[in-house]
Every structure is written in C-alpha cells, then in structure tokens.
Amino acid sequence: MKRVLSLAVVLVALVSASSAVADDGAGPFGVTVAAGADAGSVRVGVFVPAGRAARPAGAHFCTASVVRAPHRDLLVTAAHCLDGRGALVFVPGYREGRAPYGVWKVKRRFMPRGWVQGRREDSDVAFAVVAPRGGKGVEDVVGGYRFAAGTATGATAVTLTGYPDSRETPVSCTNKPTAHSPTQQRIACPGFAGGTSGSPWVNGDGQVVGVLGGHDDGGTTPDVSYSVVLRAEAERLYREAAGGDA
C-alpha cells in the first residue's frame, strides 16, 4: 500500500478544477480536488474485506477501476493491493459508507509473474474479476475505461482518481506524467496518500495508461506518485484476465 510520510490531504475548492480534462489544453494541472460523482469517477471504487461488506466505512483500502473486457467484469489495480489479502469485495462509486452501484465479490485475481516470483516493482499491476449481480457485470452498471499498454509516458496529461484511507469520498488530480526510469513513471499530485494505490491514470481518450503503484509501492509522500510503465507484461496479463474469467 502506498507509504506516506504525511497524511495531509490538500484539497483546493475550485469549481473549475473539478471539471479539468486530461488533455493538452489549459487546465489547473497539479491541483487535487474532491472528485465529483460523474460518469468517469463512478468506475473507480474501493476494496473492502468481505466481512465488512455491509459496513464499509472506515474499512476500505486501495483503489481500483473497471476496465472494458468481454465478460464486463474486470478491474485493474496495483498488485500489492491484492497480494496476500483474504476475501474481498469491490465498491464502485463509494461515498460516505454507501454503495450506490452495489457491492461486487472478487472471485479471481491475476498478478504478473514478475510480482508473484519476486515482488518486482516493475510488475506492480494486477487485475481482478468480480462476480455478476442480477445477471449483470459491473461494467454493465458503471461502464469501463479502456486498458491501454504501450502509451508513451507524458504523451498527454492524465487524471488520477483515488480514495485516501482518511477520507470517505474520492479525490482527483490532473497533470502530465514524467519518466522516473525506463520502466517507471511519476506524477506530481498532492494529497494522494495511503489508500490511493491502484488509482487509474486516465487520459483524455478514456484509456487507463497507468496505475498508481510501482516504485516504493506508489511513493513515500502524498505529493508524488508512481506507476509501472504499462508494456508487454501488463498487456499479456490483461489479455489473460479478460479472456480467462468465464
């Protein structure tokens, strides 16, 4: 889980900031705000231990998001969010103890070989399959982002949406990633404290091009976060998870 030296969350109450678009246009880059409940943010949610499914307030940890897949039941998150955990549920669009889009049982987990064999920080991405509810997949209910490996770091700005452990509502920030190394990317966004691991980095085309995690489990301060550069390993894992969840 993202380790931080400070849990202070910096939220700037700017109406214009809350509607920032992740593209190359002008915008309040690097400003963290309370995320609105729009069509994109409801695809993002929290993990909760299955035993607290009916009482998620104060029990949620890490962040995940729905991504498009044939069976319409796939989440992407950080590998360190799923590794060693017991039974879990996913709550998309979680706010103040409420589950407006239902509680979804995690039934399968997919982690890359590099993580399973050695907890390599360059492999800190994972997928989870959730069980259907009422004959529908989670993507049928909230929609899903496209998962996009192979995108150049910093090609466009991205928007991060995540749930700090200390809050019961999500925060959001838009900025341009930069290269930390050939295999890791970084972004300056204040207030992404513990609990935001797994947050999607979404570009203006609705593509997940990063997942908060990687270097130092996503970062040692709430102001700078990291992601694996999504390449062949992540693409193979996505295809396995998307095709193997029947």
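Predicted model only: the values in this text are computed from it and were never measured. (Residues numbered from 1 in each chain as written. Predicted model: local features only at pLDDT ≥ 70, side-chain atom pairs only at ≥ 80, totals over all residues. Heavy atoms only, no water.)

S.K.: Would you mind going over the side chain of asparagine 175 with me for this structure?
M.R.: Inspection of the secondary structure assignment puts asparagine 175 in strand β10 (residues 171-175). Polar side-chain contacts of asparagine 175 include one of 2.9 Å to the backbone oxygen of alanine 188. Excluding its chain neighbours within four sequence positions, the residues that come into contact with asparagine 175 are Phe29, Gly30, Ala157, Val158, Ile187, Ala188 and Cys189. (Helix = DSSP H or I, 4+ residues; strand = E, 2+ residues; numbered from the N terminus. Polar contact = N/O pair within 3.5 Å; in protein donor to acceptor, adjacent residues only side chain to side chain. Contact = heavy atoms within 4.5 Å.)

S.K.: Explain the environment of arginine 167 to me, please; I cannot follow it from the model alone.
M.R.: Here arginine 167 is to be found in the loop between β9 (158-162) and β10. For arginine 167, a relative accessible area of 19% puts it in the buried group. Residues arginine 167 and glycine 58, spaced 109 residues apart in sequence, show a C-alpha to C-alpha distance of 8.4 Å. (Buried < 20%, exposed > 50% of the residue type's maximum accessible area, 1.4 Å probe, protein only.)

S.K.: Explanation requested: helix α5 (residues 232-243) in the structure shown.
M.R.: Each α-helix turn comprises 3.6 residues. Residues three or four places apart therefore point the same way. The terminal C-alpha atoms of α5, which comprises twelve residues, lie 16 Å apart, in line with the 16 Å expected from a rise of 1.5 Å per residue. Residues Ala234, Glu235, Leu237, Tyr238, Ala241 and Ala242 constitute the buried set of α5. Taken around the axis of α5, the buried residues stretch over an arc of 165°, which confines them to a single face. More than 90 degrees from the buried face of α5, the exposed residues found are Arg236, Arg239 and Gly243. (Expected span 1.5 Å × (residues − 1). Arc of directions from axis to C-beta.)

S.K.: Is there a simple way to think about the nonpolar core in this case?
M.R.: Formed by 27 residues in total, the largest nonpolar core has its most connected members in Val67, Leu74, Val76, Phe127, Phe147, Val208 and Tyr238. A total of five residues in this core trace back to one element, the largest contributor, which is α5. Excluding residues that lie within four positions of it along the chain, valine 208 makes contacts with Ser65, Val67, Val76, Tyr145, Arg146, Phe147, Ala148, Pro200, Trp201, Val202 and Leu230. In terms of nonpolar packing, the next biggest core, distinct from the first, is built from 21 residues, Ala64, Ala78, Ala79 and Ala128 among them. (Core = buried A, V, L, I, M, F, W, Y, C linked by side-chain atoms within 4.5 Å.)

S.K.: Help me understand the sheet that holds strand β6 (residues 104-110) in this model?
M.R.: A barrel is described by the order of its strands in space; here six strands give the closed sequence β2-β3-β4-β7-β6-β5, paired in antiparallel fashion. Within this sheet the neighbouring strands show an average axis-to-axis angle of 45°, counted without direction. Bridge analysis of β6 against strand β7 (residues 126-130) gives four bridges, and the strand direction is antiparallel. Considered in β7, the bridge of valine 106 is made with valine 130. The strands that α5 touches are β3 (61-67), β4 (74-77), β6 and β7; relative to β7, the one it contacts most, it runs at about 10°. (Pairing = 2+ DSSP bridges. Axes fitted to C-alpha atoms, helices over the stretch in contact; angles between N-to-C directions.)

Worth remembering: the numbers are spatial, not functional.
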